[in-house]
Amino acid sequence: MKDMRDFIEQAESEGMLHRIKAEVDWDLELSHIAKINEEKQGPALLFENIKGYNSPVITSVCTTSQRLSLIMGVPRDSTLVDIMKEWVDKHDNKIPPEYVEDAPCKGNIMKGKDVDLFNFPAPKYYPLDGGRFFGTAHFVITKDPDSGWINLGTYRLQLLDKNHLGTMFIKGKHSDLMLKKYQAMKKPMPVCAIIGCDPLLFLVGASRLSAFESEYDFAGSIRGKGIEVIKAETNDLPVPATAEIVVEGEVDADKFMEEGPFGEYTGYYSGVGTNPRNFIDVKCVTYRNKPIFWGTTVGRAVTDTHMTMALTYGATLWQQLVTMKIPGIKSVYCPPEGSGRFLAIISIKQMYPGHADQVLTAAISTEMGAYGLKTVIVVDDDIDPWDIPRVLYALSFRFQPNRSQVIKRGRSTPLDPSLPLNAREITGRLLLDATIPYDWDEKPIPIELDKTTVDRVMSRWHEFGFQD
Ligand SMILES: Cc1cc2nc3c(=O)[nH]c(=O)nc-3n(C[C@H](O)[C@H](O)[C@H](O)COP(=O)(O)O)c2cc1C
Ligand SMILES: [Mn+2]
C-alpha cells in the first residue's frame, strides 16, 4: 500500500468502505455521521459530495482492528495485540525513505498570496470547537537543526485563516523540542503538514517512537521498502510523493495566535475558550488532482482515534520494553477505552524476584510511559492482558494493596480531565502488581478438576438431560 488511493481500493474490495454520495455539510454534519457510524463499528466513509466543494473527505480509516490490519499488512482477523506484535517485531529493521523525481503531490501548486486553505473541505467536528480543524488525521514533518533527524508527529491544526494553521505542540513532544532549538537560533522552524497519505504514515506520526528515531524509517520497515519522498517546494523537508495535500510553512516560537478549544480524545474539550499558541505561517500548498482530505473524529471513546492510539501508544510501549531487554514480556495492552494512553496492562513470565517491580518501573520510564500514563498493571503469563475479566480476576485474587501498590509522580498530558485545568503538568502514577509473588516458597494451590471424573461426566452428559 503506497497511498490513500490504494487504501480506498483495497478497503472497498474487502467490503470495509462505504461511499456517501448525498450532499453533506462540512459543518458538524460530516463529523456526526462519522462518529455515529464509528460507534457502530461501521466502515470507512468516503464523502464524495461536500457542500460547497468538489473534492472528497475520508474518515473512519482506523476504527477497527480489521482496517488496522489492512494498513499494517497482516491477516484481517488479527487482534490489536497481534498487530502490536507485528509492530514490535519489525521495529529494528529501519529502512530510510527513497527520493523520487516525479510526484503526484506536485500536481497543483498554490504559493504566496494565492494560498487559500479554505479551498479544502476541512470539517468542524464538535459544537464548542474553536473552528474548523485542518489537521486531525495527518502529520507534521520537522527537522532537528543539529542532527538532521526528521520527525513525523500528529499535532492538531486549526484553520485560523486562509494562510494560518494553529498548532498545539505539547511540551516535550519532538516538534516542541526542535522548535526550542530554532528559537535559540532566532530562526523560524520550517514545517510540512501532510493531509491524506498512506495511512501507515499517520499511524507512525501518532506513535511515541523515541527521540532521534525517524518515523519515516520505521514506516519503511513495516512496508519492507523505503517510503517514496520528494523535497518540498519552499523548504528541504522530505514529503511523501503520493501525499494528497502538502502544506508548507514556518512556525516562529515567539509568535502566537488564539487557538482551540477542540473536542479531544478524552471525551472533553481541551480547555475553556482559546489559548495563545504558535501557528504555521503557510507559504505554499501542493496537492493532487481531486485531493482526498482525511479527517478523524477524535471526541469520546471508543472510535477512530482511540483505536489508533491503542495501537500506536501500546505498540511503542511494548517495543520500548523490548529495547530495554527486560526478559519475560509476553504481551502489552493499552485499552482503547483509555485512549491507549492512560492505562497499560502487561503480562509477564516472572523469572526472578522483583521482576514484576522492574517491569512496572520500566514501563513508566519509557518515552510512552513517562508521559501521561497513569495506571500500570502487571499480570502473570497465564493471563492475556486484553482479557479484561481475567485481569479483574488477578486484581481481585492476586493483588494485595499492602504489598503491591506504589504511587509515583510524573509528567502529565495537559488533556487529562481528571486534573484541574490550572494544574495539569504533573500526574500521579499507580503501579499495580497483580502477580503471584515469585519469591514465595508456598504459592496458593489452584483448584483443578479431576481429569478422570471430568471425562466420565462428559461421556454421560446427555444422560443428565443436558442438550450440549
Ligand atoms: C488524532 C490525534 C491528534 C493529536 N493531537 C495532538 C496535538 O494536538 N498535540 C500534541 O502534542 N499531540 C497530539 N497527538 C499525540 C501525538 O501525535 C503523539 O504524542 C506523537 O507521539 C507525537 O509525535 P512525537 O512523539 O514525534 O512528538 C495527537 C494524536 C492523535 C492520534
Ligand atoms: Mn517522534
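Values in this document were obtained by computation on a predicted structure and should not be read as measured data.

### Re the pairing of strand 1 (residues 17-20)
- Across four bridges, strand 1 lies against strand 2 (residues 44-47) in parallel orientation. Each bridged residue has a counterpart across the sheet, and for Leu-17 the counterpart in strand 2 is Ala-44.
- Running through helix 2 (residues 29-39), the crossover from strand 1 to the neighbouring parallel element strand 2 is right-handed.

### Considerations on the sheet that holds strand 22 (residues 405-411)
- On the basis of which strands lie adjacent, the open sheet formed by five strands has the order 19-20-21-23-22 and mixed pairing. Each edge of the sheet is formed by a strand with only one pairing partner; in this case those strands are strand 19 (329-333) and strand 22. Going from strand to strand, the sheet's axes swing by 20° on average, the running direction of each strand aside.
- Relative to strand 23 (residues 426-433), strand 22 is paired through seven bridges, and the arrangement is antiparallel. Residue pairing for strand 23: Ile-407 is matched across the bridge by Leu-430.
- Here helix 10 (residues 388-397) sits on the sheet and contacts strand 19, strand 20 (343-348), strand 21 (375-380) and strand 23; the angle it forms with strand 21, its principal contact strand, is near 90°.

### A short note on the domain arrangement of the chain
- Splitting the chain by domain gives domain 1 (4-294) and domain 2 (324-433).
- Relative placement of domain 1 and domain 2: their C-alpha centres are 29 Å apart.
- Across the boundary between the two partners, domain 1 contributes 20 residues, which contact 19 residues of domain 2.
- Three residues, Val-81, Arg-208 and Tyr-265, lead the burial of domain 1 against domain 2; their summed loss comes to 39% of the area buried on that side.
- For Arg-208, the salt bridge identified is with Glu-367, shortest N-O distance 3.2 Å.
- Here domain 1 and domain 2 share six residue pairs in polar contact (both at pLDDT 80 or more) between them.
- Per element, the largest residue contribution to the side of domain 1 that touches domain 2 is three residues, and it comes from helix 4 (residues 80-90).
- In terms of residue class, the side of domain 1 that touches domain 2 is made up of ten nonpolar, six polar and four charged.

### As for the coordination of the manganese ion (ligand 2)
- With distances of 2.1 to 2.2 Å, the protein atoms coordinating the manganese ion (ligand 2) are Asn-151 (OD1), His-174 (ND1) and Glu-215 (OE).
- Each donor residue of the manganese ion (ligand 2) belongs to the same chain, and together they define the spacing N-x22-H-x40-E. Of the two residues, His-174 is situated in helix 5 (residues 174-184) and Glu-215 in helix 7 (residues 215-223); the sequence distance between them amounts to 41 residues. Each of the two residues, His-174 as well as Glu-215, counts as buried.

### Regarding the side chain of Asp-416
- With respect to the helices and strands, the residue Asp-416 is situated in the loop between strand 22 and strand 23.
- When its relative accessible area of 2% is taken as the criterion, Asp-416 is described as buried.
- For Asp-416, the side chain forms a polar contact with the side chain of Lys-374, separated by 3.0 Å.
- Dropping the residues within four chain positions of it, Asp-416 is found in contact with Phe-342, Lys-374 and Arg-424.

### Let's talk about the nonpolar core
- Phe-7, Ile-58, Ile-141 and Ile-346 are the most contacted members of the largest nonpolar core, which totals 93 residues.
- Setting aside chain neighbours within four positions, we find Phe-7 in contact with Met-1, Ala-44, Ile-58, Val-61, Arg-67, Leu-70, Ile-71 and Pro-199.
- In this structure, Trp-26, Ile-50, Ala-193 and Val-282 belong to the second largest nonpolar core, which totals 39 residues.

### Observations regarding the packing of aromatic side chains
- Under the definition given, this model contains twelve aromatic pairs.
- Judged by centre distance (5.0 Å) and plane angle (65°), the ring pair of Tyr-155 and Phe-169 falls under edge-to-face. One end of the pair, Tyr-155, is in the loop between strand 8 (150-153) and strand 9 (157-161); the other, Phe-169, is in the loop between strand 10 (164-167) and helix 5, with 14 residues separating them in the sequence. Grouping residues by exposure puts Tyr-155 and Phe-169 together as buried.
- One aromatic cluster in this structure is built from Phe-120, Phe-134, Tyr-287 and Phe-293.
- A cation sits over an aromatic face here: Arg-341 above Phe-342, 5.1 Å from the ring centre.
- The ring of Phe-342 carries the charged tip of Lys-374 above its face, separated from the ring centre by 4.9 Å.

### Details of the site of ligand 1
- The environment of ligand 1 is formed by 20 residues, the closest being Thr-154, Tyr-155, Met-168, His-174 and Tyr-313.
- Backbone polar atom of Ile-170 to an oxygen atom of ligand 1: 3.1 Å apart, as the coordinates give it.
- Within the side chain of Lys-173, a nitrogen or oxygen atom sits 2.8 Å from a nitrogen atom of ligand 1.
- If ligand 1 stood free it would expose 630 Å²; the protein chains cover 98% of that surface.
- Contributing elements (two or more residues each) for the shell around ligand 1: strand 8 and helix 8 (304-323).
- Here the residues of the shell around ligand 1 are counted per class, giving seven nonpolar, nine polar and four charged.

Scoring rules and cut-offs
Residues numbered from 1 in each chain as written. Chains lettered and ligands numbered in written order. Predicted model: local features only at pLDDT ≥ 70, side-chain atom pairs only at ≥ 80, totals over all residues. Heavy atoms only, no water. Pairing = 2+ DSSP bridges. Helix = DSSP H or I, 4+ residues; strand = E, 2+ residues; numbered from the N terminus. Right-handed = clockwise from strand over helix to strand, strands pointing away. Axes fitted to C-alpha atoms, helices over the stretch in contact; angles between N-to-C directions. Contact = heavy atoms within 4.5 Å. Domains from an automatic or database assignment. Buried area = accessible area lost by both parts, 1.4 Å probe. Salt bridge = Lys/Arg side-chain N within 4 Å of Asp/Glu carboxyl O. Polar contact = N/O pair within 3.5 Å; in protein donor to acceptor, adjacent residues only side chain to side chain. Nonpolar A, V, L, I, M, F, W, Y, C, P; charged D, E, K, R; others polar. Donors = N, O, S within 2.8 Å, 3.2 Å for Na, K, Ca; no water. Buried < 20%, exposed > 50% of the residue type's maximum accessible area, 1.4 Å probe, protein only. Core = buried A, V, L, I, M, F, W, Y, C linked by side-chain atoms within 4.5 Å. Phe/Tyr/Trp six-rings, centres within 6.5 Å; stacked < 30°, edge-to-face > 60°. Lys NZ or Arg CZ within 6 Å of the ring centre and 35° of its normal. Near = heavy atom within 4 Å. Areas by Shrake-Rupley, 256 points an atom, 1.4 Å probe, with all protein chains shown as cover.

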